[in-house]
Structure formats: C-alpha cells, structure tokens
Amino acid sequence: MARAVERHWRGPLSGLVVTPYGHAVPCRRVLVVEAAHPLPDESGRAAAADIVTRVAGLTGDDLVLCLLSGGASSLLALPAAGVDLADKREVSAALLRSGRPDKCDQLRP
C-alpha cells in the first residue's frame with residue numbers, strides 16, 4: 001500500500017509503515033518497519049509510539065493518510081498506560097488460543 005501511495009502521490013510525502021517480518025518492500029519516502037504478527041513485539045510498539053510522535057504536532061490544516069489492513073492490532077501495539085507489552089502479548093496469546101474468530105463479521109450470530 002505504501003509503495004502504491006508513493007507511486008501515485010503528487011507532492012510532499014513522508015510517513016511510516018509497519019509490516020510483518022519478511023514482507024517489507026522498498027519505499028523511497030516512507031519508512032518501512034517490520035514487526036511481529038500475530039503477537040506484538042517491541043518493534044511494533046516502538047513504531048506505534050513513533051506514529052503518535054509524528055502526528056502530535058499536526059493541526060487541522062495537515063493531511064494524514066492512514067492505511068490499515070489485517071494485523072494492525074499486533075503490528076501497532078501501543079498498550080495503554082499501566083499495561084505493558086508483556087501483558088498485551090499474554091492477552092493476545094490467550095485470545096488466539098481461545099479460537100476466537102479473526103474477522104469481526106464472524107462474531108455475529
């Protein structure tokens with residue numbers, strides 16, 4: 001997705017994309033970071049924190065393009081205050097073991 005945006009975007013562009021290990025593609029204007037899936041790791045947590053920092057000073061006049069696909073809950077894991085990454089990994093692992101569906105539409109009766 002990031003490479004397609006780079007090819008077609010006319011004008012200034014910078015950003016960060018997070019993809020599972022082994023799935024990175026070269027980009028010229030977007031930083032590509034690899035992280036773990038399905039269980040979050042420190043690389044994904046650091047990337048999520050970097051994104052928060054990048055958008056912190058933006059205003060209503062700035063444009064943010066956010067492209068998400070499957071795996072974002074693991075790849076961009078930034079636990080809430082008081083929850084550490086190990087806790088998030090433990091809960092994610094328990095959910096995976098429970099057999100819960102990956103797709104929201106599968107949760108409907």
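What you see is a predicted model, and the numbers here were worked out from it, not measured in a lab.

Asker: Lay out unusual backbone geometry in plain terms, naming residues and giving numbers.
Answerer: Across the junction of His37 and Pro38, the peptide omega takes the value 15 degrees, indicating a cis bond. Relative to the elements of secondary structure, Pro38 occurs in the loop between strand S2 (30-35) and helix H2 (42-56).

Asker: Describe the nonpolar core, listing the residues and the values that go with them.
Answerer: Ranked by size, the top nonpolar core spans six residues in total: Leu16, Val18, Val33, Ala35, Ala47 and Leu75. Discounting residues that sit within four places of it in the chain, Val18 has contacts with Val33, Ala35, Ala47, Leu75 and Leu76.

Asker: Give a description of the pattern of salt bridges that names residues and reports values.
Answerer: This structure, assessed with the given rule, holds two salt bridges. Linking Glu42 and Arg45 is a salt bridge whose minimum nitrogen-to-oxygen distance equals 2.7 Å. Of this pair, Glu42 and Arg45 both sit in helix H2, three residues apart, roughly one helical turn. Taking the relative accessible area as the measure of exposure, Glu42 reaches 43% and is therefore partly exposed. Taking the shortest distance from any N to any O, the salt bridge between Asp50 and Arg54 comes out at 3.2 Å. Of this pair, Asp50 and Arg54 both sit in helix H2, separated by four residues, roughly a single helical turn. Judged by its relative accessible area of 27%, Asp50 is partly exposed.

Asker: Go over the side chain of Asp41 with me, naming the residues and quoting the values.
Answerer: Structurally, Asp41 can be placed in the loop between S2 and H2. No salt bridge is formed by the buried Asp41; the nearest opposite charge belongs to Arg89, separated by 6.4 Å. A polar atom in the side chain of Asp41 sits 3.1 Å from the backbone nitrogen of Gly44. Setting aside residues no more than four positions away along its own chain, Asp41 makes contact with Tyr21, Ala35, Ala36, Leu85 and Arg89.

Rules and cut-offs
- Residues numbered from 1 in each chain as written.
- Predicted model: local features only at pLDDT ≥ 70, side-chain atom pairs only at ≥ 80, totals over all residues.
- Heavy atoms only, no water.
- Helix = DSSP H or I, 4+ residues; strand = E, 2+ residues; numbered from the N terminus.
- Core = buried A, V, L, I, M, F, W, Y, C linked by side-chain atoms within 4.5 Å.
- Buried < 20%, exposed > 50% of the residue type's maximum accessible area, 1.4 Å probe, protein only.
- Contact = heavy atoms within 4.5 Å.
- Salt bridge = Lys/Arg side-chain N within 4 Å of Asp/Glu carboxyl O.
- Lys, Arg positive; Asp, Glu negative; His and termini not counted.
- Polar contact = N/O pair within 3.5 Å; in protein donor to acceptor, adjacent residues only side chain to side chain.

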